Amino acid sequence: KMMNKRIWKNYDLEKSYDVVIIGAGAHGLATAYYLTKLGITNVAVLEQKFIGYGGSGRNTAILRSNYRTEEGIKFYDQSLKLYENLSGDLNYNLMFSQQGHFTLGHSTAAMSGLVTRAENNKALGINSYILEPSEIQKMLPEIDISDHPRFPVMGALYHPPGGIIRHDAVVWAYARGADKAGVHIHQLTKVEDILIEKGKVAGVVTNRGKISCKKLISVVAGWSSEVCRKAGVKLPFVTHPLQALVTQSYKPWLHHVVVSGTLHIYLSQTDRGELVCGNGIDTYPHYGMRSTLGFLESYAAHVLELFPVLHNVAVQRQWAGLCDMTPDYSPIISSIDEIEGFYVNGGWGTYGFKASPASGYNTAQMVAEGTPEMIKPFRYNRFMENRLVGEKAAASVGS
């Protein structure tokens, strides 16, 4: 007889926890899971809606480490290596597929940027190299590499370890792993205020009651500036929606992730046969999570320039997620000097999902044992000190 066993439990809110994490997306749950590996299990994860409601359930699940800066490349490489072992670690099928990632170049300037990225990648041991149009055509037979499109394909940066994963499964697996180790996950629990006494975190006020804690971590992506405001901390986050769509299912034909920064589009095909498609962030900041006709029209026009074969494909649904952008397109993962026990993890822009394992792993280390070298470049005060980590060149379509 099959047992309907919950993969994480519901708990009453305790009066106090050692660590409170705001946000039950992939980053928050990964942080909780890796804290338990360091012996910290008296942890609450608070989520205003439900697990994975934010960016974790709204992204396009692309993984890669072919970044531009040394700091970014090392960080995302650590994340990809954690992803490679994650199904085994969490004992959960994450439908992980390292199918290879193309970043197309449509101009001599774009190709020059991709060559620089390829060389930076190689120097740091990342598998990433340039392909000629004829080589691209062999791997993507349906692509139009003629000179007919307005932006012909002139080459690509190819990254074999890049690929896709089932985003919801990552969230559920981290939730189950954290829950098994004793973490309390509280859904429908909104943080209304952050309590600070004498420059130290004292706790939070939620819609379900007050909790005391000595360590508080904000891991809320697009809502980062709102949560930080409750602690009186102002950080340079600007929130933009990022729209995506999924088509009906088709026979498998696209066996790689394809990205074009010039056309502001990317697409991949899931195990179920749907095409998962996205483009650049909306140009103006706002908190809307509805999709627009303008996005659908521009996406359709550009994707048909690359893949005319898709002219008859039916769109199933559209959505948007929130991206918290920083001025240098790199995240903030940092303790806050002014408030003892307050930590912020945000500013992921369009890179958040692929960062989840390394983000959780390093945030847990920072809270338990002090800031690891890996994330020191992502300190919150780097903007004041002019130590920027300029990652815009690797934003693919985020710019």
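These figures come from a predicted structure and were not determined experimentally. Counting of residues starts from 1 at the beginning of each chain's written sequence and follows it residue by residue. Predicted model: local features are reported for residues with pLDDT of at least 70 only, side-chain atom pairs are reported and counted for 80 or more only, and whole-chain, interface and lining totals are derived from all residues. The side-chain quantities take in all heavy atoms of the structure and omit both hydrogens and water.

Participant: I'm lost on the pattern of salt bridges in this one. Help?
Facilitator: Counted as salt bridges are all cases of a side-chain nitrogen of Lys or Arg within 4 Å of a carboxyl oxygen of Asp or Glu. The full count for this structure, using the stated rule, is eleven salt bridges. The partner of glutamate 274 in a salt bridge is arginine 272, with the nearest N and O atoms 3.3 Å apart. Here the term buried applies to any residue with accessible area under 20% of the maximum for its type, exposed to any over 50%, and partly exposed to those in between, with areas from a 1.4 Å probe on protein chains only. You can call glutamate 274 buried: its relative accessible area is 8%.

Participant: Where do I start with the sheet that holds strand 2 (residues 43–46) in this structure?
Facilitator: In a beta sheet, neighbouring strands pair by backbone hydrogen bonds and run either parallel or antiparallel. When DSSP finds at least two bridges between two strands, those strands are taken to pair. Going along the chain from the N terminus, every DSSP run of H or I of four or more residues is numbered as a helix, and every run of E of two or more is numbered as a strand. Taken in spatial order, the six strands of this open sheet run 8-2-1-12-19-18, and their pairing is mixed. Each end of this open sheet is capped by a strand with a single partner; those strands are strand 8 (184–186) and strand 18 (332–335). Strand after strand, the sheet turns through a mean of 15° between neighbouring axes, direction not considered. Pairing geometry for strand 2 and strand 8, over three bridges, is parallel. Considered in strand 8, the bridge of leucine 46 is made with histidine 186. Set on the sheet, helix 1 (residues 26–37) makes contact with strand 1 (19–22), strand 2, strand 8, strand 12 (215–218) and strand 19 (342–346); between it and strand 1 the angle comes to about 160°. Only the contacting stretch of a helix is used when fitting its axis, a line to C-alpha atoms as for every element, and angles between N-to-C directions run 0 to 180 degrees. Residue contacts are defined here by distance: any two heavy atoms, one from each residue, within 4.5 Å place the two residues in contact.

Participant: Where do I start with the sheet that holds strand 9 (residues 191–197) in this structure?
Facilitator: Strand order in the open sheet made by the three strands is 9-10-11, with antiparallel pairing throughout. This sheet does not close on itself; its edge strands, each paired only once, are strand 9 and strand 11 (209–212). Within the sheet, the average angular offset between the axes of one strand and its neighbour, ignoring direction, is 25°. Bridging between strand 9 and strand 10 (residues 200–206) involves six bridges; their strand directions are antiparallel. Across the sheet, the residue bridging to isoleucine 196 is valine 201, located in strand 10.

Participant: Can you help me understand the pairing of strand 6 (residues 155–159) in this one?
Facilitator: Two faces, one strand: in a regular strand the side chains alternate between the faces of the sheet. Among the five residues that make up strand 6, five are buried, leaving the element largely enclosed by the rest of the structure. The alternating pattern of strand 6 places Gly155, Leu157 and His159 and Ala156 and Tyr158 on opposite faces, both of which are buried. Pairing between strand 4 (residues 101–105) and strand 6: five bridges, direction antiparallel. When the bridges of strand 6 are listed, threonine 103 appears paired with leucine 157. Note: strand 5 (residues 129–131) against strand 6, three bridges, orientation antiparallel. Paired with tyrosine 129 across the two strands is tyrosine 158, which belongs to strand 6.

Participant: I keep staring at helix 8 (residues 293–306) and nothing clicks. Help me out?
Facilitator: Taking 1.5 Å as the rise per residue, helix 8 with 14 residues should run 20 Å; its terminal C-alpha atoms sit 21 Å apart, in good agreement. Taken residue by residue, helix 8 has Phe295, Tyr299, His302, Val303, Glu305 and Leu306 as its buried positions. Take helix 8 and look down its axis: the buried residues cluster within an arc of 145°, on one side only. Exposed residues lying more than 90 degrees from the buried face of helix 8 are Leu293 and Glu297. Buried residues along helix 8 sit against strand 4, strand 13 (238–249), strand 14 (257–260), strand 15 (265–269), strand 16 (274–281) and strand 17 (315–325). An expected span of 1.5 Å times one less than the residue number is assigned to each helix. The directions considered for the arc run from the helix axis to the C-beta atoms.

Participant: Explanation requested: empty space enclosed by the protein in the structure shown.
Facilitator: Using a 1 Å grid laid over the protein atoms alone, points where a 1.4 Å probe fits but cannot get out form a cavity; open sets with protein on both sides within 12 Å along at least 5 of 7 lines form a pocket; any residue with an atom within 4 Å of a point counts as lining. Grid points are joined across faces, edges and corners, and a volume is the space filled by probe spheres set on the points. Inspection of every chain in the model, using the stated rule, returns one cavity of 30 Å³ or more. Computed from the structure, the largest cavity encloses a volume of approximately 30 Å³. Lining the largest cavity, in full, are Gly72, Tyr76, Tyr329, Ser330, Pro331, Tyr351, Phe378 and Glu391. Amino acids are sorted into nonpolar (Ala, Val, Leu, Ile, Met, Phe, Trp, Tyr, Cys and Pro), charged (Asp, Glu, Lys and Arg) and polar (every other residue, Gly among them). Here the lining of the largest cavity is composed, by residue class, of five nonpolar, two polar and one charged.

The values reported here are purely geometric and, on their own, carry no functional implication.
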